[in-house]
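Descriptive analysis of the structure
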There are 2 protein chains.
Amino acid sequence: MRFSAFFFDGACRAFHHRPTFSKLVVILAASGGGLVAYADSKSDHAIASSQVAPKKKVVVLGTGWAGTTFLKNLDSSLYDVQVVSPRNYFAFTPLLPSITCGTVEPCSIVEPIRKIIKKKGEIKFWEAECFKIDPTSKEVHCRADIGTNLDGNDEFLLNYDYLVIAIGARVNTFNTPGVVEHCHFLKEVEDAQKIRRSVMDCFERASLPNLDEEERKRILHFVIVGGGPTGVEFAAELHDFVTEDLSKLYPMVRDLVKISVIQSGEHILTMFDKRVTEFAEEKFQRDGIEVKTGFKVVEVSDKNITMANKSTGKMSVPYGMAVWSTGIGTRPVIMDFMKQIGQANRRALATNEWLRIHECDGVYALGDCATISQRKIMVAAQQGNYLAKCFNKMKDCEEHPEGPLRITESGRHRFRPFRYKHFGQFAPLGGEQTAAQLPGDWISIGHSTQWLWYSVYASKQVSWRTRALVISDWTRRFIFGRDSSRI
Amino acid sequence: MRFSAFFFDGACRAFHHRPTFSKLVVILAASGGGLVAYADSKSDHAIASSQVAPKKKVVVLGTGWAGTTFLKNLDSSLYDVQVVSPRNYFAFTPLLPSITCGTVEPCSIVEPIRKIIKKKGEIKFWEAECFKIDPTSKEVHCRADIGTNLDGNDEFLLNYDYLVIAIGARVNTFNTPGVVEHCHFLKEVEDAQKIRRSVMDCFERASLPNLDEEERKRILHFVIVGGGPTGVEFAAELHDFVTEDLSKLYPMVRDLVKISVIQSGEHILTMFDKRVTEFAEEKFQRDGIEVKTGFKVVEVSDKNITMANKSTGKMSVPYGMAVWSTGIGTRPVIMDFMKQIGQANRRALATNEWLRIHECDGVYALGDCATISQRKIMVAAQQGNYLAKCFNKMKDCEEHPEGPLRITESGRHRFRPFRYKHFGQFAPLGGEQTAAQLPGDWISIGHSTQWLWYSVYASKQVSWRTRALVISDWTRRFIFGRDSSRI
């Protein structure tokens, strides 16, 4: 969840539409600590073509990185587009760890999907969840799941000519007992908000009278299960929050706080270069964050986490709050779909190099539901962009195919296959220090990399609105510190 | 909840502590649309007096307007102060209606109580709820109620020499069936956040396929029960949100939206001057907000609100979302306390002119739990300020009483009695128009009053942090509109 590519995909449409506003925003950005918000002024608005034949129906499932990038780049005048997602917004997930400690506000990293599609014309959005895909009748079954005193006919059916599946993945608990009941996750904006409240709960709780020292220590033991980028960044953010803000407000308990990262492998951040891993482990040791490597969590109860090590066997540690961040699993609707198309026993949908699912006609899969790779966001965004471009030139390419020669039949493929471009990845480590692994085995670590991180994350925002808000949040934090109200 | 006094109570301590920061904030404030953030530089820091006798124990219940104002003005070096509240923050409640529509962010109107008391020295805060007051043994029983996987010995006991009860009131449903189950309230920050999500739910829900027009209309019927300032301001905010922001994002359903205000009396805003009421009713009529006066709600089901009128009898209207904002009731712990001290059958704690409860020694009551007046916030804040000043000069005044002559006994009262000063009140009506009723029968209505409202609310913030955040939220809304993500 913590990866971001160093490329600028010309996402800044609003710049062209609202010149005065964007000037104001640039001033804001400039005052926000010298951040460079870079705008690619490439104009790729498509000219609406007047077709006679009825438009083909495209149904997009999901409004995450893959789905949103696809929608942003699609020439929607060529298709009849419908979008289905239980979230009516796109969330900039790399900043989720920042929300857990109040560094960035939730509303600053979300953009209503209706605002994004409004600029594209006639796209329809349904806030609902797809619970069944039927590739033979080319239909998807959806269910609206909206709270409050509203009930009734919640299910509906959409049929498609092209289906783009981009619904992401779910958290993987590896069926460890007690995880769902007692651990927090960090996949959605709501998760991050809950974690924030829970951290404050622990501090208030530990400050209450008539508790013994042992109990206070337990309550202030924060455990992160999983030493991947999300877990590591959350640990770093939490450490900063505690040392920079909370230690002043809770002076009587600040020395009891302990942060632990439990990792089943031998090192944290294993997908990074060894230099980054070493730097991170050393920094965490200096900061007093305990890294327990070689331990696998086998059970979580309300007050204890039990873990197992090959040589030392089982051990149990008391804890106050736990965040589970170990990996991703397949969503039920995808599992059901895989069974139908003979892909059972796989962990994610298998696609060909053109992101198409071989077994069924006109169905594409992007992002986490089609990949088990670690570089999720980058892959998802690049796939969304690639597929939109294919859809935009579908008519042209049917007459003039641009892909490689077909192996089993004559002629060429319509499109060039998808190629993932690696641009680098970040690992924020707290204390205004970030590690970055760039292409060509180049490593950058330290305060300057933190500023690179700020700049890239600001520039990668989906709209000028969220860009300005994120920058203003950073400014707020810089001036006033993080907020510690339990709301 | 919507009243604010036009006085500046020297609340801006931070100004003295962080000169560079406040300069930056003033620049922010200036760029935020020409707002004048007025800072009273009166310095009333008390000099810590070195006492020999053990300090008297003061227990404060509640961190609302009364409790927080008391704490801010108390010379805490003179007493051993403990604060008990289930909320670890102070909330600027007049801006709650603004949160319901995303005009202002929740974190911008709350200030952690620990930040406020940190500046005062040795005050202790316990995040807990007082569930029993025992005036004979001079003890309060408290219970911590903190979520997540934490349980155990949650109850504790505090004893006091002086008890300041400032726990506010609860919502009054008048035992109307279905209100608790189906209506939203607007008393806490959480309520406002829920309303925001629910408004977005209704729009998404009404946009789903295969619903008939009747059903869409029902879902988009927003009902406000109670024509007081909170209800009226929420109706106005919602109308602005719909016309300025949502109508662009939900063009297919915008004409189906209806907002109704149900009021049992003959007019809305009855506590205001007739000119304000008339202006408000005319403006609402022009805006298409239906005002149903003379109707009392008698039952609420999941889809229908039933109301009764003296002449026409009962009628039922379908609705999508309802906000209940009719008045305040007594909290259970206060009812129990009133029984103990022989004040049963009252609606609020009776105090004398010095805010003391006559029946028991050293117990004071402030704000909503001690008043049934409409001008709640102003009264509460003035009472908190008054009582803190009394506590600060208690020793002096015991030797040199400054109050009026006692009637039944000889000598003088220690303090001058509390006198409420009326400074005026606001009624924001949407469309950047506000009505204000000022002292001396002076009425101000229109756009200029809206700017007065902005200035007063900015200046009345409890800290420089919240002041800057609120101003920056207004700026954000001015540039980018309100956010419509369902988070």
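Remember, it's a predicted structure, so these values are computed and weren't measured experimentally. (Residues numbered from 1 in each chain as written. Chains lettered and ligands numbered in written order. Predicted model: local features only at pLDDT ≥ 70, side-chain atom pairs only at ≥ 80, totals over all residues. Heavy atoms only, no water.)

**Observations regarding the domain arrangement of chain A**
Residues and elements named next belong to chain A. You can read the domains of chain A as domain 1 (1-169 + 330-487) and domain 2 (172-326). In total, about 3,600 Å² of surface goes out of reach between domain 1 and domain 2, with carbon and sulfur atoms giving 59% of it. Summed over the three residues of domain 1 that lose the most area to domain 2, namely Thr100, Leu429 and Arg482, the buried surface amounts to 19% of that side. Summed over the shared surface of domain 1 and domain 2, the result is three salt bridges. Counting every contact that joins domain 1 to domain 2 gives eight residue pairs in polar contact (both at pLDDT 80 or more). Of all the elements in the fold, those that place two or more residues in the side of domain 1 that touches domain 2 are strand E3 (89-91), helix H4 (96-100), strand E20 (425-430), strand E21 (433-438) and strand E22 (442-446). The biggest single contributor to the side of domain 1 that touches domain 2 is E20, with six residues. (Domains from an automatic or database assignment. Buried area = accessible area lost by both parts, 1.4 Å probe. Salt bridge = Lys/Arg side-chain N within 4 Å of Asp/Glu carboxyl O. Polar contact = N/O pair within 3.5 Å; in protein donor to acceptor, adjacent residues only side chain to side chain. Helix = DSSP H or I, 4+ residues; strand = E, 2+ residues; numbered from the N terminus.)

**Focus on the interface of chain B and chain A**
With 73 residues of chain B in contact, the opposing surface of chain A contributes 73 residues. Surface buried jointly by chain B and chain A totals about 6,400 Å² across both partners, of which 55% is contributed by carbon and sulfur atoms. Summed over the shared surface of chain B and chain A, the result is four salt bridges. Note that glutamate 204 of chain B is salt-bridged to arginine 114 of chain A, the shortest N-O span being 2.7 Å. The interface formed by chain B and chain A contains 13 residue pairs in polar contact (both at pLDDT 80 or more). Residue contributions to the side of chain B that touches chain A peak at nine residues, all from helix H15 (residues 464-480) of chain B. Its residues assigned to classes, the side of chain B that touches chain A shows 32 nonpolar, 16 polar and 25 charged. (Contact = heavy atoms within 4.5 Å. Nonpolar A, V, L, I, M, F, W, Y, C, P; charged D, E, K, R; others polar.)

**Focus on the environment of arginine 87 of chain B**
Residues and elements named next belong to chain B. One can find arginine 87 in the loop between strand E2 (79-85) and strand E3 (89-91). Exposure remark for arginine 87: the relative accessible area of 17% places this residue in the buried category. Between the C-alpha atom of arginine 87 and that of glutamate 129, which follows or precedes it by 42 residues, the distance is 8.8 Å. With sequence-adjacent residues up to four places away left out, arginine 87 is seen in contact with Thr63, Gly64, Phe125 and Glu188. At 2.8 Å, the side chain of arginine 87 forms a polar contact with the side chain of glutamate 188. (Buried < 20%, exposed > 50% of the residue type's maximum accessible area, 1.4 Å probe, protein only.)

**What to know about the sheet that holds strand E6 (residues 129-134) of chain B**
Residues and elements named next belong to chain B. The antiparallel open sheet is built from three strands, whose spatial order is E6-E7-E8. Looking along the sheet, the strands with just one partner apiece sit at the ends: E6 and strand E8 (155-159). Strand after strand, the sheet turns through a mean of 25° between neighbouring axes, direction not considered. Across five bridges, E6 lies against strand E7 (residues 139-143) in antiparallel orientation. Across the sheet, residue aspartate 134 finds its bridge partner in E7, namely glutamate 139. (Pairing = 2+ DSSP bridges. Axes fitted to C-alpha atoms, helices over the stretch in contact; angles between N-to-C directions.)

**Considerations on the relation of the copies chain B and chain A**
Once chain B is rotated about the relating axis by 180° and shifted along it by 0.0 Å, it coincides with chain A to within an RMSD of 0.0 Å. The superposition operator between the copies reduces to a two-fold rotation axis. Residue by residue, 100% of the interface of chain B is reproduced at the interface of chain A, so both copies engage with the same surface. (Least-squares fit on C-alpha atoms with pLDDT ≥ 70 in both.)

**A closer look at the side chain of glutamate 111 of chain B**
Relative to the helices and strands, glutamate 111 of chain B resides in strand E4 (residues 110-112). A polar side-chain atom of glutamate 111 of chain B sits 3.1 Å from a polar atom in the side chain of arginine 465 of chain B. Ignoring any residue separated from it by four or fewer positions in sequence, one finds glutamate 111 of chain B in contact with Ser485 of chain A together with Tyr89, Phe90, Ile116, Val462, Ser463, Arg465 and Thr466 of chain B.

**A closer look at unusual backbone geometry**
A positive phi is found at lysine 138 of chain A, a non-glycine position, where the angle reads about 55°. By secondary structure assignment, the location of lysine 138 of chain A is in the loop between strand E6 (129-134) and strand E7 (139-143). One non-glycine residue with positive phi stands out, namely asparagine 345 of chain B, at about 75°. Note on placement: asparagine 345 of chain B falls in the loop between helix H11 (332-340) and strand E19 (363-365).

**A word on the pattern of salt bridges**
If you walk through the whole model with that rule in mind, you get 39 salt bridges over all chains. Among the salt bridges present, the one from arginine 218 of chain A reaches glutamate 215 of chain A, with a minimum N-O distance of 2.9 Å. Note that arginine 218 of chain A and glutamate 215 of chain A are positioned in helix H8 (residues 213-219) at a spacing of three residues, about one turn of the helix. By relative accessible area, glutamate 215 of chain A is classed as buried at 17%. Salt-bridge contacts for arginine 476 of chain B lead to aspartate 473 of chain A; the nearest nitrogen and oxygen are separated by 2.9 Å.

**Digging into the pairing of strand E22 (residues 442-446) of chain B**
Residue and element names in this part refer to chain B. Note: strand E21 (residues 433-438) against E22, five bridges, orientation antiparallel. What sits directly across from alanine 436, in E22, is serine 444. Taking the residues that link successive antiparallel strands as the turn, the E21-E22 hairpin has three residues, and the phi of glycine 440 there is positive, at about 75°.

**Description of the packing of aromatic side chains**
All names here are of chain A. Enumeration over the complete set of coordinates arrives at 36 aromatic pairs over all chains. Between the aromatic rings of phenylalanine 203 and phenylalanine 222, the centroid separation amounts to 6.0 Å while the plane-to-plane angle is 20°, which identifies the pairing as stacked. Here phenylalanine 203 is found in helix H7 (residues 189-206), whereas its partner phenylalanine 222 is found in strand E11 (residues 221-225), with 19 residues between them in sequence. The pair phenylalanine 203 / phenylalanine 222 is uniform in exposure class, with both members buried. A network of ring pairs unites the aromatic residues Trp65, Phe90, Phe92, Phe426, Trp451, Trp453, Tyr454, Tyr457 and Trp474 as a single cluster. (Phe/Tyr/Trp six-rings, centres within 6.5 Å; stacked < 30°, edge-to-face > 60°.)

**Re the sheet that holds strand E1 (residues 56-61) of chain A**
Two orientations exist for strands paired in a sheet by backbone hydrogen bonds: parallel and antiparallel. Residue and element names in this part refer to chain A. Pairing is parallel across the open sheet formed by five strands, whose spatial order is E5-E2-E1-E9-E19. Strands at the two margins of the open sheet, each flanked by one partner only, are strand E5 (124-127) and strand E19 (363-365). For this sheet, the mean inter-axis angle between neighbouring strands, taken without regard to orientation, is 15°. Across four bridges, strand E2 (residues 79-85) lies against E5 in parallel orientation. Across the sheet, valine 84 pairs through a bridge with tryptophan 126, a residue of E5. Packing of helix H3 (residues 65-73) onto the sheet brings it into contact with E1, E2 and strand E9 (162-165), and relative to E1 it is tilted by some 145°.

**A word on a positive patch on the surface**
A surface patch of positive charge is lined by Lys194 and Arg197 of chain A together with Lys194 and Arg197 of chain B. Its place among the elements puts lysine 194 of chain B in helix H7 (residues 189-206). Taking relative accessible area as the criterion, lysine 194 of chain B reaches 47% and is therefore assigned partly exposed. (Patch = residues over 30% accessible without salt bridge, like charges linked within 9 Å, V, L, I, M, F, W, Y side chains within 5 Å. Areas by Shrake-Rupley, 256 points an atom, 1.4 Å probe, with all protein chains shown as cover. Lys, Arg positive; Asp, Glu negative; His and termini not counted. Charge placed at Lys NZ, Arg CZ, Asp CG, Glu CD.)

**Re the pairing of strand E16 (residues 313-318) of chain B**
Residues and elements named next belong to chain B. As paired elements, strand E15 (residues 304-309) and E16 share six bridges and run antiparallel to each other. The residue of E16 that forms the bridge with methionine 307 is methionine 315. If you look at the hairpin formed by E15 and E16, you'll find three residues sitting between the two strands.

**Here we look at the nonpolar core**
By size, the foremost hydrophobic cluster in this structure holds 130 residues, and its most contacted members are Phe70, Phe203, Phe391 and Trp474 of chain A together with Val140, Ile165 and Leu349 of chain B. Sequence-distant contacts of phenylalanine 70 of chain A, defined by excluding residues within four places in its chain, comprise Val58, Val60, Val164, Leu366, Gly384, Leu387, Ala388 and Phe391 of chain A. Formed by 129 residues, the second largest nonpolar core is a distinct cluster that contains Ile133, Cys142 and Tyr160 of chain A together with Leu355 of chain B. (Core = buried A, V, L, I, M, F, W, Y, C linked by side-chain atoms within 4.5 Å.)

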